[in-house]
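# Remarks on the overall topology
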Amino acid sequence: MTKKLLVLLFFVSQFSFVFADDKLTGTVIGTAESVDYTNSSAPSTTVNTRECAFDGDLSTFFASYERSYTWAGLDLGSPHVITKVGWSPRNDGLGEKRVLLGVFEGANREDFMDALPLYVIDEKGTIGSMSYADVNCSRGFRYVRYVGPSDARCNIAELEFYGHAGEGDDSHLYQVTNLPTVTIHTLNGEIPYDKEHEIVSQLTIISENGTKILSEPGGTRERGNASRGFPKKPWRIKFDKKQNVLDAPAKAKKWTLINNYGDKTLMRNLLAFELSHRMGMSYTPYGTAVDVLMNGEYKGCYQLCDQIEINKKRVNITEMTPEDNDGEALTGGYLIEIDAYANQEISWFNSAKGNPVTIKSPDDDEITAQQSQYIKNFFNQMEKQWSTYLDLNSFLRHFLVGELSGNTDTYWSVYMYKERNDSKLYTGPVWDFDLAFNNDQRIYPVNNKTDYIYRSGGSCAGNMKSFVDNIVVNDAAAKKQLLEIWDEVRQAGLTEENLVAFIDAKEKELQQSQTLNFLRWPILNEKVHQNPQALGSFEKEVEVVRKYMKERIAWMDKKLGYTYKPSGITEAMVDFAKPYQVFTLSGQPCGQNLQALSPGIYVVRQGQQARKIVIR
């Protein structure tokens, strides 16, 4: 008898466990205004309403009047951990496609500002039957919803949510793909519409396979110039307080979400940043691929990147105040950009030689007349006497990144900076490579050209072509230093094999995300922006970059009159207990700290000995 009772109790316990996550019910919430297809698609509140998505009838459906950012959901009354969702599309000719990239979310605020994704639908629905997906999110939510994909009027026949009561925890959250998920929710659902007005937002980043979350208040606005004209919009996000974001070196408020719309490999900027690292630039912007959602709508694969600004881990110079108006304080630091769009900015000038320059820092609302005049005068002086006032080392490394990548825009937009009490203007960081690596019909195919890109079809702001010519074409000493830098980076590992391996790794990393991205933006068979061709697949687009990179290093070797011969230099030990000095191969001093240097080949002088060493 006892044994039978134990068996029965065990059966009941197992039965309860299996069916504990029941279909949930609650108060229907969502977009109030629906569309009446029988009345010239007029707005309605009586037909095709949000309640139709929860009436258990697959022949009825909810259809919102607005086409995007519309939704239907439930107020469960108290937090529940959601373990499964179900959906069925509207029964019409487009119904199966209308659920593709629909997003399920959960929240504990009625306005969904704190919402987290539960699931993104990655395949067509089946008319007349329910589809289901398990949910891997341990946090409990009072409010749950389904947000229809863009331009679909949230057409949905039926929705179901399953789960159990409880507040849950954050031990495992949902990521859209293997990439970090960035989800932005704006106050009252307002979508960013220009570069000036910042929309109050909750900014959330889920990473490390759903085990880590950063969710903080902030703001969102559009960013960029030409890229703002694309349907896939670029954004700048700004946390209210400085944050450590993913594995980025900088702790900062401002970050960018680069849209990479015309770059169908979704990796050109990341590859260019890798070239910058290998070229030994003092600062290379942080960048990593992410999936982005805005107010519950899937937006695609983006690049989360540094904002170019003064910061100890970004452009590391002195940040000025409005009181820095004379003496040493007036000499820096300044962050500027030679910028073809400068005349659209507030704080800018045309140089004496006709180059448009935007003053990025000090900020527009803080810069004084004295500061503006100082940097204008200094820039004009640098143009006339570049050998005295331009840091040639950074300029040439920046030049090599642009030419190696075949970047049309290298001298359309050039960041430069000046530190306090420093008589030099430095070039960098590198930026904006969506048209690089054979992605611009105006200069395609790049490797068929016999001259540098900036001299054979590249876009140059103002008179930058002449300025660059004076250095890399007409000056013997600069040309000699350019060759020395090229030898340095080639010997330090800038090879076809290493760069192809980087491309291969990025292709694999982006596989899941690119699939969703090109469902959202089906442009693989279209030429967009300046695309020279449309190849129809992500893999073929990546192969263009891979092939270009293989050929380009050999092209650069030939152009520079350089023959690559491995030097046989190996890693050498330095006695850190004794003083030493470090120099580049061209003789530029690098201080007395090897550990602070970028990878490359250096000359170390210690005592009476001087020898080359490689830092990897």
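Presented here is an overview of the structure given in this document. Note that the structure is predicted; figures quoted are calculated from it, not measured.

### A word on the pairing of strand 9 (residues 140-147)
Of all eight residues in strand 9, seven are buried, a share of seventy percent or more. In the sheet, strand 5 (residues 71-88) pairs with strand 9 via seven bridges, with the strands oriented antiparallel. Within strand 9, the position partnered with A72 by the bridge is Y146. Direction of pairing for strand 6 (residues 103-107) relative to strand 9: antiparallel, over a ladder of five bridges. Its bridge partner being in strand 9, A107 is matched across the sheet by Y143.

### A closer look at helix 7 (residues 464-472)
For helix 7, the complete set of buried residues consists of M464, F467, V468, D469, I471 and V472. The secondary structure elements touched by the buried residues of helix 7 are strand 18 (334-339), helix 4 (369-384), helix 5 (386-389), helix 6 (392-405) and helix 8 (476-491).

### Quick word on the sheet that holds strand 15 (residues 251-258)
The seven strands are arranged 11-12-13-14-15-17-16 in a closed barrel whose pairing can be described as mixed. Taking each pair of neighbouring strands and ignoring which way they run, the sheet shows an average axis angle of 35 degrees. Strand direction decides the pairing type here: strand 15 and strand 17 (residues 297-306), joined by four bridges, are antiparallel. Following the sheet pairing, I258 is matched in strand 17 by Q303. Across the face of the sheet, helix 10 (residues 511-520) comes into contact with strand 16 (287-294) and strand 17 while running at roughly 125 degrees to strand 17.

### Observations regarding the pattern of salt bridges
The tally for this structure, following the rule as stated, stands at 34 salt bridges. The shortest N-O distance in the salt bridge between R139 and D170 comes to 2.8 Å. Highlighted residues: R139 in the loop between strand 8 (131-134) and strand 9 and D170 in the loop between strand 10 (158-165) and strand 11 (181-186), separated in sequence by 31 residues. A residue is classified by how much of its surface remains accessible, and D170, at 33% relative accessible area, is partly exposed. The salt bridge partner of R546 is D504, with a shortest N-O separation of 2.9 Å. With a gap of 42 residues between them, R546 in helix 11 (residues 538-560) and D504 in helix 9 (residues 496-509) connect regions that are remote in the sequence. Exposure remark for R546: the relative accessible area of 10% places this residue in the buried category. Under the relative-accessibility criterion, D504 is labelled partly exposed at 34%. Within this structure, D451, R455, K465, D469 and K559 form a network of salt bridges that share partners.

### Points about the packing of helix 6 against helix 8
Direction vectors running N to C along helix 6 and helix 8 enclose 65 degrees, while the axes themselves pass 10 Å from each other. Helix 8 is crossed by helix 6, and the crossing has right-handed handedness. Facing helix 6, whose interface residues are L392, N393, L396, R397, F399, L400 and L404, helix 8 presents A478, Q481, L482, I485, W486, E488 and V489. Grouping the constituent residues of the contact of helix 6 with helix 8 by class yields ten nonpolar, two polar and two charged.

### Quick word on the packing of aromatic side chains
The geometry of an aromatic ring pair is captured by two quantities: the separation of the ring centres and the angle between the planes. Within this structure, the stated rule accounts for 27 aromatic pairs. A centroid spacing of 5.2 Å and a plane angle of 55 degrees characterise the contact between F104 and Y146, whose relative ring orientation is tilted. Separated by 42 residues along the polypeptide, F104 in strand 6 and Y146 in strand 9 bring together distant segments of the chain. With respect to burial, F104 and Y146 carry one shared label: buried. An angle of 85 degrees between the planes, with centres 5.0 Å apart, marks the rings of F399 and Y452 as edge-to-face.

### Describing the packing of helix 6 against helix 11
For any two helices packed against each other, the geometry comes down to the angle between their axes and how far apart the axes lie. The contact between helix 6 and helix 11 brings their axes to 9 Å, and the two run at 130 degrees. As summarised for this structure, helix 6 and helix 11 are arranged oblique, according to the angle between their axes. Residues L400, E403, L404 and S405 of helix 6 form the contact with helix 11, whose own contacting residues are Y548, M549, R552, I553, M556 and L560. Among the residues forming the contact of helix 6 with helix 11, the class breakdown is seven nonpolar, one polar and two charged.

### Notes on the side chain of Q202
Structurally, the position occupied by Q202 is in strand 12 (residues 199-207). Of the polar contacts made by the side chain of Q202, one reaches the side chain of S215; its length is 3.1 Å. In this view, Q202 contacts M113, T183, I184, H185, S215, E216 and P217; residues no more than four positions away in its chain are not counted.

### Focus on the side chain of N355
Tracing the sequence through the fold places N355 in the loop between strand 19 (348-350) and strand 20 (356-361). The exposure class of N355 is buried, given its relative accessible area of 1%. At a separation of 2.7 Å, a polar atom in the side chain of N355 contacts the main-chain amide nitrogen of N463.

### Examining the sheet that holds strand 24 (residues 600-606)
The antiparallel open sheet is built from three strands, whose spatial order is 23-24-25. At either end of the open sheet lies a strand with only one pairing partner, and these are strand 23 (581-583) and strand 25 (609-615). Ignoring which end each strand starts from, the neighbouring axes of this sheet average 30 degrees apart. Across seven bridges, strand 24 lies against strand 25 in antiparallel orientation.

Thresholds applied
- Residues numbered from 1 in each chain as written.
- Predicted model: local features only at pLDDT ≥ 70, side-chain atom pairs only at ≥ 80, totals over all residues.
- Heavy atoms only, no water.
- Buried < 20%, exposed > 50% of the residue type's maximum accessible area, 1.4 Å probe, protein only.
- Helix = DSSP H or I, 4+ residues; strand = E, 2+ residues; numbered from the N terminus.
- Pairing = 2+ DSSP bridges.
- Contact = heavy atoms within 4.5 Å.
- Axes fitted to C-alpha atoms, helices over the stretch in contact; angles between N-to-C directions.
- Salt bridge = Lys/Arg side-chain N within 4 Å of Asp/Glu carboxyl O.
- Left-handed = near helix turned anticlockwise from the far one by under 90°.
- Nonpolar A, V, L, I, M, F, W, Y, C, P; charged D, E, K, R; others polar.
- Phe/Tyr/Trp six-rings, centres within 6.5 Å; stacked < 30°, edge-to-face > 60°.
- Parallel < 35°, antiparallel > 145°, perpendicular 65-115°, else oblique.
- Polar contact = N/O pair within 3.5 Å; in protein donor to acceptor, adjacent residues only side chain to side chain.

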